[in-house]
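So the chains spell out like this:
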Amino acid sequence: GPVSMSKKTKFVGDVKITNTGSEPKFIPAGEVTGEHDITDAVGPGPLKATKVTTTIYEGQKPGTSGLRKKVKEFTKPHYLNNFVQCAFDAVKATGTDVSAGSLVVGGDGRYYNPEAIQTIIKMGVANGVKRFWIGQDGLLSTPAVSAIIRERGPKWQKSFGAFILTASHNPGGPDEDFGIKYNCEHGHPAPASLTDAIYEGTTTIKSYNICEEFPTIDVSKAGLTTVQATDGSTEVTVEVISATDDHVKLLKSIFDFDQIKTLLDRPDFTMVYDTMHGVNGPYAKKIFVDELGQSSDVCMNAIPKDDFNGGHADPNLTYAKELVKTMGLDRKGMKIDVGGAPIPDFGAAADGDGDRNMILGKQFFVSPSDSLAVIAANANDIPFFRSQGGLKGVARSMPTSGAVDLVAKDLNFSLFETPTGWKYFGNLMDSKELFGGTDYTPFICGEESFGTGSDHVREKDGIWAVLAWLQILAVANLDSSKPLVTVEDIVTAHWKKYGRNYYSRYDFEGMDKAKCNAMMDKMRADIETNTGRSVGRYTIAKSDDFEYVDPVDGSVAKKQGMRFLMEDGSRVIFRLSGTAGSGATVRMYIEQYEPENISMVAADALSDLIRLALDLCDIQGFLGTEEPTVIT
């Protein structure tokens, strides 16, 4: 009945109250003032939102691919909650209605993913999300998330965004790395404006919202769970979806699977795909075994594990040891004696979250920069591009070699050099649709860090790159009566036409961040001194700190890497990686173009330039070493 509350009155439980002439409404447990009719004593039950007081954690600033820290950091009280709440706040501030459409949640299966998924669901409900799509077993590759956002569901269920739980190629396990990133309604990574807003929120957050009583969702089985408020006034739907179906369906619309199957069925062709116990194992099985009818032996290390089986799921010559040895190579890409063991004709590897790739032929390593150039040059072999009148635009990150530039000039493609980060490519892909600008699609882009993709999604896509190479090989081998055209044959023919960009990247991992910044600052201070300077047989035509003005939205990205551009076209580049979970990683990039001399060993071709680069940065003086952790 009527109750007068001239002073604040505290309710222990939730109540439904009415003011005279107004609709009933729920008031959560707490204090209210005024005259009200208490008409019921039921609350929303499992949908009850609680506001939890929290403390601020410094350093929750997302890098180029989200927030990555050690698991021990993420499992501190409220650490993950703070970031998730600030993400919801920032997304809502853009005008996004999170109660409409679906929120996608999944990850690469690394340690702490299961717990994080349940936390995000409970916080999502408390922040107004009504529908969730969760990858079965908590798994979703990064490109698959982008595909789901773009392709899945009727319009009223379309996804407004996603939380991807991954630290990509970083190690996993209780003592290793965890990560989280947010992708937006077109499947693209959060732009700088959104990640900046998230970070700003983490510096002032006082509380977060969570539905503690929301039930734990069994993500091991596909199916629908509907949770209602106690009085039935509202409901939340959580759907556990196939991790692979949407992505594989999209890939089948891009490539000619029948043509690829004909190649794979040839008695003189063998292949192996090493998913390194990352998320791409189920995708590899779905495509190569279920769709293309190959033996499961094609899929190496295809069972996802939360610590990547103790390995480092990074698809390069250093960490993909088992595959590299199987393909008859060492960590420098040099041929080794395999003692008569059979060597597959084609090999590939994936990283933890499935967005990166490494391509290998029989005792032959294809650099990521060359891979991008070869795919661009042969894009018409792929139905997706051919059906749209051919490729229109290509882009590469600034540190990536200029091999694709030569293809773009020859075939009259629009060409872009961007900072490292897939979000810059996404802007170019969406130039017309979202910004009313020039249409650069269909579009191919790539980074030297083993990332390649196209405008079918807004993330790099490792298994897309593998299928692109198989499609190119399939077209080159249409006549099965002729000898097999190999990966090495295709790359060598490319070099003969365009010349060769000898290229290498040195990674110095786990370095002291302050000392790394001091080294970069010293190179910035010496820009004028170094420009025009002659060192050995090289003359530095230009030294600068790369700056990018986005041609689509006009945004400016500064301090994107120190460049030393030589008069003969050679390049030396230094940048700090934004993807390390702890410490800092210095990346040193070396490139030298040779129009005719294409058969040298890369290390020999680059030896003088490598020595010059080490002297320019004085890495020995700043970091106490000249020995890289990884060479690619």
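Residues numbered from 1 in each chain as written. Predicted model: local features only at pLDDT ≥ 70, side-chain atom pairs only at ≥ 80, totals over all residues. Heavy atoms only, no water.

A. Focus on the overall build of the chain. What the chain contains, in helices and strands, is 20 helices and 31 strands. Summarising its shape, the C-alpha atoms of the chain cover approximately 90 × 60 × 50 Å along the three principal directions. Counting every position in the chain, which comprises 632 residues, the buried fraction comes to 57%. Contacts in the chain between residues far apart in sequence, at least 24 positions, make up 71% of those at least 6 positions apart. For the chain, the exposed area adds up to about 25,000 Å²; of that, 48% sits on carbon and sulfur atoms. (Helix = DSSP H or I, 4+ residues; strand = E, 2+ residues; numbered from the N terminus. Buried < 20%, exposed > 50% of the residue type's maximum accessible area, 1.4 Å probe, protein only. Contact = heavy atoms within 4.5 Å. Areas by Shrake-Rupley, 256 points an atom, 1.4 Å probe, with all protein chains shown as cover.)

B. Here's a closer look at the nonpolar core. Judged by nonpolar contacts, the single largest core of 76 residues is most densely connected at Phe255, Phe288, Phe346, Trp464, Trp469 and Leu470. Residue contributions to this core peak at 11 residues, all from helix H15 (residues 462-476). Both domain 2 (50-242) and domain 3 (247-498) contribute no fewer than three residues apiece to this core. Discounting residues that sit within four places of it in the chain, tryptophan 469 has contacts with Phe346, Ile359, Val366, Ser371, Val374, Ile375, Val487, Ile490 and Val491. With 51 residues, the next largest nonpolar core counts Cys86, Ala87, Tyr208 and Phe214 among its residues. (Core = buried A, V, L, I, M, F, W, Y, C linked by side-chain atoms within 4.5 Å. Domains from an automatic or database assignment.)

C. Layout of the packing of aromatic side chains. Summed over the entire model, instances satisfying the criterion amount to 15 aromatic pairs. Taking 6.0 Å as the distance between ring centres and 70 degrees as the angle between the ring planes, the aromatic pair formed by tyrosine 273 and phenylalanine 288 counts as edge-to-face. Highlighted residues: tyrosine 273 in strand E14 (residues 271-274) and phenylalanine 288 in helix H8 (residues 280-291), separated in sequence by 15 residues. Of the two residues, tyrosine 273 and phenylalanine 288, both sit in the buried class. (Phe/Tyr/Trp six-rings, centres within 6.5 Å; stacked < 30°, edge-to-face > 60°.)

D. Just the UniProt feature "domain: Alpha-D-phosphohexomutase alpha/beta/alpha" (unreviewed entry) in the chain, in detail. UniProt records the feature "domain: Alpha-D-phosphohexomutase alpha/beta/alpha" (unreviewed entry) for residues 60-208, 246-360 and 369-498 in the present numbering. In residues 60-208, the share of helix is 36% and the share of strand is 23%. The end C-alpha atoms are 15 Å apart. (UniProt positions renumbered as here; feature names shortened; annotations may be inferred.)

E. Representation of helix H6 (residues 245-254) within the structure. Where H6 is concerned, the buried positions are Asp246, His247, Val248, Leu250, Leu251 and Ile254. Against helix H4 (142-151), strand E13 (235-241), helix H7 (257-264), H8, helix H11 (383-386) and H15 lie the buried residues of H6.

F. Representation of the pairing of strand E28 (residues 562-566). Counting buried positions along E28 gives 5 out of 5 residues, so the element sits mostly inside the fold. Because side chains alternate across E28, one face comprises the buried residues Met562, Phe564 and Met566, and the other comprises Arg563 and Leu565, equally buried. Across 5 bridges, strand E25 (residues 538-545) lies against E28 in antiparallel orientation. Note on E28: the bridge partner recorded for lysine 542 is leucine 565. Sheet topology places E28 next to strand E29 (residues 571-576); 4 bridges connect them, and they run antiparallel. Counted as the bridge partner of methionine 562 is phenylalanine 574 from E29. Where E28 folds back on E29, the antiparallel hairpin that results is connected by 4 residues, among which glycine 569 adopts a positive phi of roughly 95 degrees. (Pairing = 2+ DSSP bridges.)

G. Just the sheet that holds strand E9 (residues 159-165), in detail. Spatially, E6-E10-E9-E7-E8-E13-E12 is the arrangement adopted by the 7 strands of the open sheet, whose pairing is mixed. In the strand order of this sheet, the two ends are held by strand E6 (67-70) and strand E12 (223-228), each with one partner. Taking the axes of each pair of neighbouring strands and ignoring which way they run, one obtains an average angle of 15 degrees across the sheet. Bridge count between E6 and strand E10 (residues 177-183): 4 bridges; the pairing is antiparallel. Counterpart to arginine 68 in the pairing with E10 is glycine 179. In this fold H4 packs onto strand E7 (102-107), strand E8 (131-139), E9, E10 and E13, with an angle of close to 170 degrees to the strand it touches most, E9. (Axes fitted to C-alpha atoms, helices over the stretch in contact; angles between N-to-C directions.)

H. Local environment of the sheet that holds strand E16 (residues 346-350). Read across the sheet, 5 strands follow the order E15-E14-E16-E17-E18 without closing on themselves; strand pairing throughout is mixed. Of all the strands in the sheet, just strand E15 (299-300) and strand E18 (364-366) have a single pairing partner and so form its edges. With 4 bridges joining them, E14 and E16 adopt parallel strand pairing. When the sheet's bridge partners are listed, aspartate 274 is paired in E16 with alanine 349.

I. Expanded view of the packing of H6 against H8. Where H6 contacts H8, the axes come no closer than 10 Å and their chain directions differ by 50 degrees. Compared by their axis directions, H6 and H8 come out oblique. In terms of crossing hand, the pair formed by H6 and H8 is right-handed. Contacts between H6 and H8 involve Asp245, His247, Val248, Leu251 and Lys252 from the former and Tyr283, Lys286, Ile287 and Glu291 from the latter. For the contact of H6 with H8, the class distribution of residues is 4 nonpolar, 1 polar and 4 charged. (Parallel < 35°, antiparallel > 145°, perpendicular 65-115°, else oblique. Left-handed = near helix turned anticlockwise from the far one by under 90°. Nonpolar A, V, L, I, M, F, W, Y, C, P; charged D, E, K, R; others polar.)

J. Geometry of the state of the cysteines. As enumerated under the stated definition, the model contains 0 disulfides in all. Lacking any disulfide linkage, cysteine 211 is separated from the closest cysteine sulfur, that of cysteine 86, by 18 Å. Judged by relative accessible area, cysteine 211 falls into the buried class, the value being 0%. (Disulfide = S-S within 2.5 Å.)

K. Expanded view of the confidence of the model for the chain. Looking at the chain, pLDDT values average 92 and 92% of them are 70 or higher. A low-confidence stretch, residues 4-8 (pLDDT under 50), is modelled with 14 contacts involving residues beyond four sequence positions or located in other chains. (pLDDT = per-residue confidence, 0-100.)

L. Fine view of the environment of methionine 398. Tracing the chain through its elements places methionine 398 in the loop between strand E19 (393-397) and helix H12 (403-411). Look at methionine 398 and you get buried, because its relative accessible area is 1%. Counting along the chain gives 89 residues from methionine 398 to asparagine 309, while the straight-line C-alpha distance between them is 33 Å. Sequence-distant contacts of methionine 398, defined by excluding residues within four places in its chain, comprise Glu417, Thr418, Phe546, Gln560, Gly561, Arg563, Arg571 and Ile573.

M. Main features of the pattern of salt bridges. Scanning all chains against the criterion turns up 37 salt bridges. For lysine 497, the salt bridge is made with aspartate 410, and the minimal N-O distance between the two is 3.6 Å. Of this pair, lysine 497 sits in helix H16 (residues 487-498) while aspartate 410 sits in helix H12; the two residues are 87 residues apart in sequence, bridging distant segments of the chain. Residue arginine 458 is joined to aspartate 430 by a salt bridge in which the shortest nitrogen-to-oxygen separation is 2.8 Å. Placement of the pair is arginine 458 in the loop between strand E22 (451-454) and H15 and aspartate 430 in the loop between helix H13 (422-429) and helix H14 (431-435), with a sequence separation of 28 residues. Comparing arginine 458 with aspartate 430 shows no difference in burial state: the two are buried. (Salt bridge = Lys/Arg side-chain N within 4 Å of Asp/Glu carboxyl O.)

N. Region of the structure containing H7. Inspection of H7 places Phe257, Ile260, Leu263 and Leu264 among the buried residues, and these make up the whole buried set. The arc enclosing the buried residues of H7, seen along the axis, measures out at 115 degrees, which places them on a common side. What points out from H7, more than 90 degrees from its buried face, is the exposed set Asp258 and Thr262. Lining the buried residues of H7 we find H6, E14, H8 and H15. Here H7 starts with a cap whose side-chain oxygen sits 3.2 Å from the backbone nitrogen of aspartate 258, and that cap is aspartate 256. (Arc of directions from axis to C-beta. Polar contact = N/O pair within 3.5 Å; in protein donor to acceptor, adjacent residues only side chain to side chain.)

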